[in-house]
Each structure stands twice: as structure tokens, then as C-alpha cells.
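# Observations on chain architecture
One-letter residues, chain by chain:
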Amino acid sequence: IGVFEPQSGDNGAGGKQEVLGMQYANYVQPTVDINGETYKVQLEVVDNRTAAENGPSAAAELVNKGVSIVLGSYGSGVSMAGGTVFAEAGVPAIGVTCTNPQVTADCDVYFRICFLDPFQGTVLANYAWNSGVTTAYTLAMLGSDYDQGLVYYFKQAFEALGGTVISEDFPEGTANFVSYINNAQAANAGVIMAPVSTNYAQLIIEAAGAQGFEGHLLGSDTWDNNMVIESAKGKSVNVEITTFYQEGGAPEFDAGIKEWMNANADALTNNGGNDMVSAVTVMGYDAYFTALEAIKAAGSTAPADILAALPGVTYSGISGEISFDDIGDANRDAAYIKTANTETGAWDFVKIQGID
């Protein structure tokens, strides 16, 4: 099984956490039975280094290794870039948390187990509007398919509800977000919606805290990271995010992966230094077992056979029931919303929300 994930770059932290779920799944179930014969499952991890320009070479490396199926990537832009290579080679891929619609719309071999940005953006817009916010400020990185896509869908939904949206973009490598926070305050924005990578989320929280921003910071699934919650701890900030899972939803799973991480120094490091269970880790775990179901359904390790079997695959995962629609997208209709507890340094569950 090929693992197509960022282990470096802006999304490296999230990519490492996603891979942890696959590695734990491989530890729990290291074999698969095909036609009465037991095969050992080997994970081939390749670093796509976050950026779309690195996607094709990383994807080609996996294809050259002869993988049967690919998992990943954290980040939609690099998934789209790699998808072209997977399609040419006829190798199926299961997206784990790449939420941009184009990942599957433009690629016949790509499936995914997560909700999509039109859904996530609308959930965030509904949440903000239902909280009494009428003016929203969005902040996204220039050139990021993920950031720009989510902002587009949020803006579309929020304006349809009657709200006003002010949008700004920042260049890659930005280290100081004070001016953007000031612009949001000047616009009397009740929320700053910023679907950015983990490192930028931390910087935005720092700036919001320093400038005394009294509104709410709305983050997407990329904010569901223990380094983000650590940044919020002890600060006067309000942070809410949409995500795929909340720790405590599956106590037996949580206990098992925590024990595994605590017995493995590298796993703890890759999880950001503690054993908090991230939603992307859960999704990585579910993606691995979905891939095993596809391999078993195919009765083969041949990519073409697995690709043919994937549309009919179902799996009851930790994150919920997994099945695919005609495009290869997951049939998902709910997102977890949770808030940063700035006193305890943990995420508190708020609600599960769909689209009204």
C-alpha cells in the first residue's frame, strides 16, 4: 500500500499525523487474506513535501515501487497533482482528508473517505450565521487549492444567508498576521474564517491573541492538531473548527492508539509530542482498512482489479460508515464542531452539524 503524504513543508505536521493512523492500522492488522492465502501488508511511505509541484514525482515513485493502491494525501493541491500520475498508471488512490471537489471530479482512479469543501464551507457558514454573525472575514494563502476552495464555498453560503464577507489572501511564507487581524477588526468582523495549514493557524492565533480580537476564529479540518490547541492555551481567543472525529467517540480505539504511541517515541514526536488523538489520524486508520476491504473484494493485488472493486466497497470505520457515490466521493453528511478550551489545552466537543 503506497502512502502519498507530506512529511515536510507546510502540511508536514498534519501529514505525519495522518500517516500515524495508517501505521497503527498496519500494526493492528498487518496481513490480508486473498483467496485463502495470507499476505503481509507493507506500507511504502513517500514524502510529497506538501507542494503540488512535488506531487507527480512522489506519485511516480510509488508507482515505480509497484504499489497495489495508494492512500493520501493530506492537502488537495498535491493530491490533484499526483492523481494525474496515478490515473496514467491505473493505480487506485483513496484520499483521506483531501476535501477539494476536483480531487475526484477530474480523476477516475481517485476515491476519498472524507467530506468535501462545499459541505464543510457551508457548515462553517451556517455555524457563523446561527451564532449571530453578520460580517465575516476570510483569510487564505495565495495559490493554495485547499484554502481558496474552502473560502469560496464559505463565502457563497454565508452571502446566501444574508451575510457580508471581506476576503484577503496572504503570500506563502508570511510570518506576521497582525495587519490581517487589524483589518478584520476594522471591518467589524464577528469571525475570521481561515482554512489554512497548521503552522499558519498557530501564527493567526498568536496575532489574534496579541491584538485582542474578540470575535471567533473559525478553522477547518487542518486546525485539528494538538500544536494548534497548544497555541490557543492561555490566550484570550475563541477558536472553533470543523473536523472528522472527536477524541472520546471510540474509547477502545482511543485507548489502543494512545498505548501504541506512548510505546513508540517516534510516533509521539510525529504526533506533536503528546498522545492526543487527531481526527486525521483516525481518518488514516479508516483509509487503511477501507483499502484492505477493496483488496479482499478484488481477490487480487493487481491495481486494475482493486480499482474495479472500489466503487462497491463499504466499511464501518471509527469515523463513521464509509461508502462511495458515483464520483468516488464519500457519502458523508455530518461534521464535528469543536472548540479550543484555552484553560485545559484540549478540544471540547460542541456539536455534530450537517447542512440545514
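Reference entry: report on the structure contained in this document. (Residues numbered from 1 in each chain as written. Predicted model: local features only at pLDDT ≥ 70, side-chain atom pairs only at ≥ 80, totals over all residues. Heavy atoms only, no water.)

## Quick look at the packing of helix H1 (residues 12–28) against helix H10 (residues 251–262)
For any two helices packed against each other, one specifies the inter-axial angle together with the distance between the axes. Cut-off, in case you're wondering: With axes taken as lines fitted to C-alpha atoms, and helix axes fitted only over the stretch in contact, angles between N-to-C directions fall between 0 and 180 degrees. Put simply, DSSP marks the helices as runs of H or I at least four residues long and the strands as runs of E at least two long, and each gets a number from the N terminus on. For classification, angles of less than 35 degrees are called roughly parallel, those exceeding 145 degrees roughly antiparallel, those between 65 and 115 degrees roughly perpendicular, and all remaining angles oblique. Contact definition: two residues touch when any of their heavy atoms are within 4.5 Å.
Running from N to C, H1 and H10 point in directions that differ by 95°, and their axes come no closer than 11 Å. Classed by the angle they form, the pair H1 and H10 counts as roughly perpendicular. Only Phe253, Gly256, Ile257, Trp260 and Met261 of H10 make contact with H1, whose side of the interface consists of Leu20, Gln23, Tyr24 and Tyr27.

## Topic: the environment of Gly12
By secondary structure assignment, the location of Gly12 is in helix H1. Taking the C-alpha atoms as reference, Gly12 lies 9.3 Å from Asn48; in sequence the two are 36 residues apart. Sequence-distant contacts of Gly12, that is, excluding residues within four places in its chain, are made with Pro6, Gln7 and Thr50.

## A short note on the sheet that holds strand S8 (residues 135–141)
Put simply, the rule reads: Strand pairing is defined by DSSP finding a minimum of two bridges between the two strands.
Taken in spatial order, the seven strands line up as S9-S8-S10-S11-S12-S15-S16 in an open sheet, and their pairing is mixed. The sheet is open, and its two borders are formed by strand S9 (164–170) and strand S16 (346–353), each paired with just one other strand. For this sheet, the mean inter-axis angle between neighbouring strands, taken without regard to orientation, is 25°. Taken together, the four bridges between strand S12 (residues 238–243) and strand S15 (residues 335–341) define a ladder with antiparallel strand orientation. By the bridge assignment for S15, Thr243 is matched with Tyr336. Sitting on the sheet, helix H5 (residues 117–130) touches strand S10 (191–193), strand S11 (216–219), S12, S15 and S16, and the angle it makes with S16 is about 95°.

## Some thoughts on the sheet that holds strand S4 (residues 44–47)
Picture the strands of a sheet paired through backbone hydrogen bonds; they go either parallel or antiparallel. Strand order in the open sheet formed by five strands is S4-S1-S5-S6-S7, and the pairing between neighbours is parallel. The open sheet is flanked by S4 and strand S7 (110–112), the only strands paired with a single partner. Strand direction decides the pairing type here: strand S1 (residues 2–5) and S4, joined by four bridges, are parallel. From the neighbouring strand, Glu5 faces S4, where its bridge partner is Asp47. Sheet contacts for H1: S1, S4 and strand S5 (70–71); angle to S1, the most-contacted strand, approximately 160°.

## Structural notes on the pairing of S1
What counts here: Relative accessibility under 20% of the residue-type maximum defines a buried residue, over 50% an exposed one, and the middle range a partly exposed one, all with a 1.4 Å probe and only protein chains included.
Residues Gly2 and Phe4 line one face of S1 and the alternating positions Val3 and Glu5 line the opposite face, and both faces are buried. One ladder, built from two bridges, connects S1 with S5; its direction is parallel. Note that in S5 the partner of Gly2 across the bridge is Val70.

## A few points about the nonpolar core
Most often, soluble globular proteins have nonpolar side chains that are buried together. Threshold: Only buried residues count toward a nonpolar core, which is a set of Ala, Val, Leu, Ile, Met, Phe, Trp, Tyr and Cys residues joined through side-chain atoms within 4.5 Å.
Counting residues in hydrophobic clusters, the biggest one holds 67 residues, and the most contacted among them are Ile1, Phe154 and Tyr288. The element best represented in this core is helix H12 (residues 279–298), accounting for 11 residues. Of all hydrophobic cores here, the second largest spans 30 residues; its members include Ala194, Val196, Ile204 and Trp347.

## What about the pairing of S9?
Quick reminder of the rule: Place the viewer so that the strands point away; then a crossover is right-handed whenever the path from the first strand over the helix to the second strand goes clockwise.
One ladder, built from seven bridges, connects S8 with S9; its direction is parallel. Across the sheet, residue Thr138 finds its bridge partner in S9, namely Ser167. At this point the chain moves from S8, through helix H6 (residues 145–160), to the parallel S9, and the crossover so formed is right-handed.

## A few points about the environment of Glu61
Note on placement: Glu61 falls in helix H2 (residues 55–64). Glu61 gets classed as partly exposed once you look at its relative accessible area, which sits at 41%. In this structure the C-alpha to C-alpha distance between Glu61 and Thr344, which are 283 residues apart in sequence, comes to 43 Å.

## A short note on helix H7 (residues 178–186)
Keep this limit in mind: Here, the arc refers to the directions that run from the helix axis to the C-beta atoms.
Among all positions in H7, only Tyr180, Ile181 and Ala184 are buried. The buried residues of H7 occupy an angular sector of 100° when the element is viewed end-on, so they sit on one face. Close packing links the buried residues of H7 with S8, S9, S10 and helix H8 (198–211). Looking one or two residues beyond H7, the residue adopting positive phi is Asn188, at roughly 55°.

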